[in-house]
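Architecture and fold: a report
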Amino acid sequence: MCGIVGIVGTTPVNQALYDALTVLQHRGQDAAGIVTIADGNFKQRKANGLVKDVFETRHMQRLKGNMGIGHVRYPTAGSSSAAEAQPFYVNSPFGITLAHNGNLTNAKDLREQQTRLARRHINTTSDSEVLLNVFAHELERAVDMPLRADDVFAAVSRVHRQVRGAYAVVALIIGHGMVAFRDPHGIRPLVLGRRVNEDGSIEYMVASESVALDVIGFELMRDVAPGEAIYISEQGQLFSLQCADNPKLSPCIFEYVYFARPDSCIDKVSVYAARVHMGRKLGEKIKREWQDLDIDVVIPIPETSCDIALEIAQCLGKPYRQGFVKNRYIGRTFIMPGQKQRKKSVRSKLNAISSEFKGKKVLLVDDSIVRGTTSGQIIDMAREAGAEKVYFASAAPEIRFPNVYGIDMPTSNELIAYGRDVDEICSLIRADGLIFQDLDDLQAAVREENPALTQFETSVFNGHYVTGDVDQSYLNYLNVLRNDDAKAVREWSEGVADLELYNGES
Ligand SMILES: O=P(O)(O)OC[C@H]1O[C@H](OP(=O)(O)OP(=O)(O)O)[C@H](O)[C@@H]1O
Ligand SMILES: NC(=O)CC[C@H](N)C(=O)O
Ligand SMILES: [Mg+2]
């Protein structure tokens with residue numbers, strides 16, 4: 001789950017894009033990029049690193065123009081080399097740059113088709129570059145001069161017919177406008193906003209999360225519908241059309257559990273409210289199932305679980321204490337690239353306040369347990385700080401299946417709950433008791449905010465993949481391609497060679 005943003009404005013957009021990417025940083029910490037259009041050309045800066053490190057004043061000064069797009073990356077396909085930072089560029093037709101959040105499940109086939117049939121060269125291993133070429137090829141076929149919104153929509157319709165997986169996309173077509181679209185299941189979020197200026201002119205913005213609109217001073221108009229495309233011309237005129245044959249909203253439920261910021265609203269659901277409901281549901285389950293459990297205090301594992309833990313504490317009638325202090329300079333550990341780095345970072349990120357643990361029976365709360373990197377270490381820390389008993393509650397159910405839609409969990413083997421029951425997981429993380437949310441309760445918690453959400457993308461919990469094209473042979477292929485060891489070998493050789501071709505500037 002990367003973060004994407006695009007603005008068609010009436011004044012320079014560089015600072016607004018930068019600010020939006022900073023607000024979306026929690027969605028991707030590996031690389032960042034911005035492309036703007038000025039004087040009939042693209043201006044681009046992209047590199048590995050956090051937003052604050054990638055863009056220096058000299059870059060910002062060169063990113064001129066009133067329209068642009070941006071991306072923060074959390075790699076889920078290809079490599080984490082700078083050459084795969086986004087946006088990507090193709091020169092024909094017109095000149096297009098594209099930023100993508102999600103992951104394609106048929107990228108291999110599409111790549112072959114683009115090479116063989118469309119005679120396009122894709123220079124990196126990124127699925128997003130494949131998606132850009134599919135879109136460019138279809139736009140080339142659809143084109144009427146001058147380019148009309150309908151041509152763009154026809155191209156997007158054909159993209160939907162070929163591409164499988166998750167994709168929330170924003171792209172610039174030079175000399176024409178900005179296009180944004182969401183896959184027919186709406187797996188990854190995308191919102192549309194606007195700002196009305198004093199002279200009555202309107203600026204438009206799309207972003208992965210509504211919080212980006214808030215911070216830039218745009219008002220939320222609505223979510224981009226699954227399968228829908230939005231086209232905003234250079235002149236600032238907005239067009240939209242449903243471009244999918246059978247759209248069916250099935251947002252990734254993990255966005256609500258972990259990825260999105262609590263102050264965002266996704267598919268008419270306040271992420272904060274959904275987490276509060278998750279806390280209540282889990283609190284009720286704890287009361288039901290652990291009737292004679294003796295808990296002195298409820299302690300969250302910062303940062304995502306704080307809102308959930310507070311609600312659990314209220315539900316149980318127990319005190320809530322912030323027993324761990326988070327180092328504000330260390331990012332999210334789950335989206336860090338390798339297990340070694342993730343493990344090391346948990347310890348430097350979180351530290352216990354001994355007085356909150358000494359001689360107490362504590363209930364630790366986290367939003368989820370994925371690889372068990374956090375929970376194992378945190379429980380040890382709680383014991384070292386003097387806890388008498390350490391119980392653990394997870395607001396998400398057991399995660400047993402790989403994710404193929406933009407979360408970097410490509411193999412079951414790395415998941416602590418794979419092939420294990422609750423007792424086995426409990427002893428592995430060295431807890432005195434462990435409880436997970438039920439999937440029905442998790443879905444109900446989110447649905448409470450928007451009853452129209454009848455279906456979610458829940459594959460990591462139940463192995464049901466909404467796009468219907470994911471089978472065991474695909475999962476085996478992914479396992480070989482993207483397991484931690486394979487990634488480490490690839491990154492090492494790329495680091496040594498560093499000979500890739502890409503059109504970034506430094
Ligand atoms: O079982 P694991 O593999 O450790 O993954 C789950 C943990 O990772 C995430 O925290 P993270 O540090 O990424 O971010 P946060 O500060 O937003 O909680 C999540 O909130 C859990 O704490
Ligand atoms: N997390 C994402 O959305 C990643 C986008 C794309 N698959 C990449 O790896 O760059
Ligand atoms: Mg966490």
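This structure is a prediction, so every number in the text was calculated from the model and none was measured.

Points about the pairing of strand β7 (residues 165-173)
Buried residues dominate β7, accounting for nine of its nine residues. Sheet topology places strand β6 (residues 96-104) next to β7; nine bridges connect them, and they run antiparallel. When the sheet's bridge partners are listed, L98 is paired in β7 with A171. Note that β7 and strand β8 (residues 177-182) share six bridges and pair antiparallel. Paired with V169 across the bridge in β8 is F181. What sits between the antiparallel neighbours β7 and β8 is a turn of three residues, in which G175 has the positive phi angle 80°.

Some points on the sheet that holds strand β20 (residues 389-394)
Read from one edge to the other, the open sheet built from four strands follows the order β16-β19-β20-β21, with strand pairing classed as parallel. If you trace the sheet from one side to the other, it starts and ends with β16 (297-300) and β21 (433-436), each paired once. Mean inter-strand twist for the sheet, computed between neighbouring axes without regard to direction, equals 20°. Set on the sheet, helix α9 (residues 271-289) makes contact with β19 (361-366), β20 and β21; between it and β21 the angle comes to about 130°. Sheet contacts for helix α12 (residues 373-384): β19 and β20; angle to β20, the most-contacted strand, approximately 155°.

Considerations on the sheet that holds β6
Paired through backbone hydrogen bonds, the strands of a sheet run either parallel or antiparallel to each other. Pairing is antiparallel across the open sheet formed by six strands, whose spatial order is β5-β6-β7-β8-β12-β13. In this open sheet, the two edge strands, each paired with only one partner strand, are β5 (88-90) and β13 (238-242). For this sheet, the mean angle separating the axes of adjacent strands, direction not counted, is 20°. As paired elements, β8 and strand β12 (residues 228-233) share five bridges and run antiparallel to each other. By the bridge assignment for β12, M178 is matched with I232. Contacting β5, β6, β7 and β8, helix α5 (residues 127-142) crosses the sheet at an angle of about 125° to β6.

Quick word on unusual backbone geometry
Omega for the peptide link from Q86 to P87 comes to 0°, which places this bond in the cis form. Structurally, P87 is set in the loop between β4 (67-73) and β5. Cis peptide bonds are those with omega within 30 degrees of zero, and the linkage from P302 to E303 qualifies with 15°. Counting through the fold element by element, E303 comes out in the loop between β16 and α10 (306-316).

Some details on the UniProt feature "active site" (unreviewed entry) in the protein chain
In this numbering, the UniProt entry assigns the feature "active site" (unreviewed entry) to C2. With respect to the secondary-structure elements, C2 resides in the segment before β1 (3-8). Filtering out sequence-adjacent residues up to four positions away, C2 remains in contact with R27, H71, V72, R73, Y74, H100, N101 and S208.

A word on the UniProt feature "binding site: Mg(2+)" (unreviewed entry) in the protein chain
UniProt's entry tags T304, D366 and D367 with the feature "binding site: Mg(2+)" (unreviewed entry), counted in the numbering of this structure. Across 64 residues, the annotated set stays spatially compact, with a maximum C-alpha separation of 7.6 Å. Of the residues annotated just before, the largest pocket has T304, D366 and D367 among its lining. Within the fold, T304 resides in the loop between β16 and α10. On the accessibility criterion, T304 (12% relative accessible area) is buried. Look past the residues within four positions of T304 in its chain and what remains in contact with it is V257, Y258, R275, R332 and D367. Residue D366 is classed as buried on the basis of its relative accessible area of 7%. Residues within four places of D366 in sequence aside, it is in contact with I301, S305, T374, F392, A393, S394 and A395.

What counts, and where the lines are drawn
Residues numbered from 1 in each chain as written. Chains lettered and ligands numbered in written order. Predicted model: local features only at pLDDT ≥ 70, side-chain atom pairs only at ≥ 80, totals over all residues. Heavy atoms only, no water. Buried < 20%, exposed > 50% of the residue type's maximum accessible area, 1.4 Å probe, protein only. Helix = DSSP H or I, 4+ residues; strand = E, 2+ residues; numbered from the N terminus. Pairing = 2+ DSSP bridges. Axes fitted to C-alpha atoms, helices over the stretch in contact; angles between N-to-C directions. Contact = heavy atoms within 4.5 Å. UniProt positions renumbered as here; feature names shortened; annotations may be inferred. 1 Å grid on protein atoms, 1.4 Å probe; cavity = no way out; pocket = protein on both sides within 12 Å on 5 of 7 lines; lining within 4 Å.

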